[in-house]
Amino acid sequence: MAGETEHSPRPPVLTARATADELASLSLSADPAVRAAVAAHPNTTPYILGTLAADFPAEVLRNPALPLLRLANPRFMTGWPQAGLIALVRRPDAPAWLRALALTHPRTEYQVAVASHPALTAAERAQLAAHPAWLVRARIAARPDTPPDLLDAFAHDPDYGVRLAAASRPDLPERSVAALLSDPSRLVQQVMRQTLGAPSASRRPG
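Structure report, in brief. (Residues numbered from 1 in each chain as written. Predicted model: local features only at pLDDT ≥ 70, side-chain atom pairs only at ≥ 80, totals over all residues. Heavy atoms only, no water.)

Details of the overall build of the protein chain
In step 1: Helices and strands together make up the secondary structure of the protein chain, namely 14 helices and zero strands.
In step 2: Written out in order from the N terminus, the α and β elements of the protein chain read α-α-α-α-α-α-α-α-α-α-α-α-α-α.
In step 3: Split into buried and exposed, the 206 residues of the protein chain put 48% on the buried side.
In step 4: Nonlocal contacts in the protein chain, meaning residues at least 24 apart in sequence, comprise 48% of its contacts between residues at least 6 apart.
In step 5: Roughly 10400 Å² of accessible area belongs to the protein chain as shown, and the carbon and sulfur atoms make up 59% of that amount. (Helix = DSSP H or I, 4+ residues; strand = E, 2+ residues; numbered from the N terminus. Buried < 20%, exposed > 50% of the residue type's maximum accessible area, 1.4 Å probe, protein only. Contact = heavy atoms within 4.5 Å. Areas by Shrake-Rupley, 256 points an atom, 1.4 Å probe, with all protein chains shown as cover.)

Spelled out as structure tokens, the structure:
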């Protein structure tokens, strides 16, 4: 599985002087420890890093050459396979510049992935809260750090999927609870009643 080998020892066949061609060949190894070491090696080319990112996102993010690659071409990752980029974005240690790439990417899947990042700034959260895709807004509605004003906006969102995400929270403002209990969708009403019936339910003051 992805990331399982991030603490594996460096295979003896992979030295500090390994060339880009040697590393490209080793990236096809059947040994995941070898491939992980290639993902972390500073001589690995950007293309090969892109092919390894889905399985070894931690190693790619820790690669010491990454800052230099970014300095030479700030958008060098944009041609990488989608699965690899999304794996990087989902990492808790994904840096701000990588989140910015995901926020501006033309494909919604990247915003869906970054919406669950634990270190979102207030500005990033607000940007995603206004996203046209309901699934992105629903991810923000489910975040524990979403402030009451945004929660209230989600309780009145035009898409019932976003309102469902809001109704699943036991910490809604009172005004949001009232809106969801009279929601046009019976499913949203039901989820809100179930949330209120949870023993741990505690609502924020309105």
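Resuming the write-up.
Details of helix H12 (residues 160-167)
Think of an α-helix as 3.6 residues a turn; residues three or four steps apart then line up on the same face.
In step 1: Along H12, seven of the eight residues are buried, which leaves the element largely enclosed by surrounding structure.
In step 2: Taken together, the buried positions of H12 are occupied by Gly161, Val162, Arg163, Leu164, Ala165, Ala166 and Ala167.
In step 3: Taken together, the buried residues of H12 touch helix H10 (134-141), helix H11 (148-155), helix H13 (174-181) and helix H14 (186-197).

Considerations on the packing of aromatic side chains
In step 1: Under the defined criterion, the tally for this structure stands at one aromatic pair.
In step 2: With a centroid separation of 5.6 Å and 85° between ring planes, the pair formed by phenylalanine 76 and tryptophan 80 is classed as edge-to-face. Of the two residues, phenylalanine 76 and tryptophan 80, neither departs from the other in class, the shared state being buried. (Phe/Tyr/Trp six-rings, centres within 6.5 Å; stacked < 30°, edge-to-face > 60°.)

Considerations on H13
In step 1: Inspection of H13 places Ser176, Val177, Ala179 and Leu180 among the buried residues, and these make up the whole buried set. The buried residues of H13 all sit within an arc of 165° when viewed along its axis, so they share a single face.
In step 2: Where H13 is buried, its residues touch H11, H12 and H14. (Arc of directions from axis to C-beta.)

Things to note about the nonpolar core
In step 1: The biggest cluster of nonpolar side chains holds 58 residues, and the ones touching the most others in it are Met77, Trp80, Leu88, Leu128, Phe154 and Leu180.
In step 2: Setting aside chain neighbours within four positions, we find leucine 88 in contact with Ala53, Pro57, Val60, Leu61, Met77, Trp80, Ala94 and Leu98. (Core = buried A, V, L, I, M, F, W, Y, C linked by side-chain atoms within 4.5 Å.)

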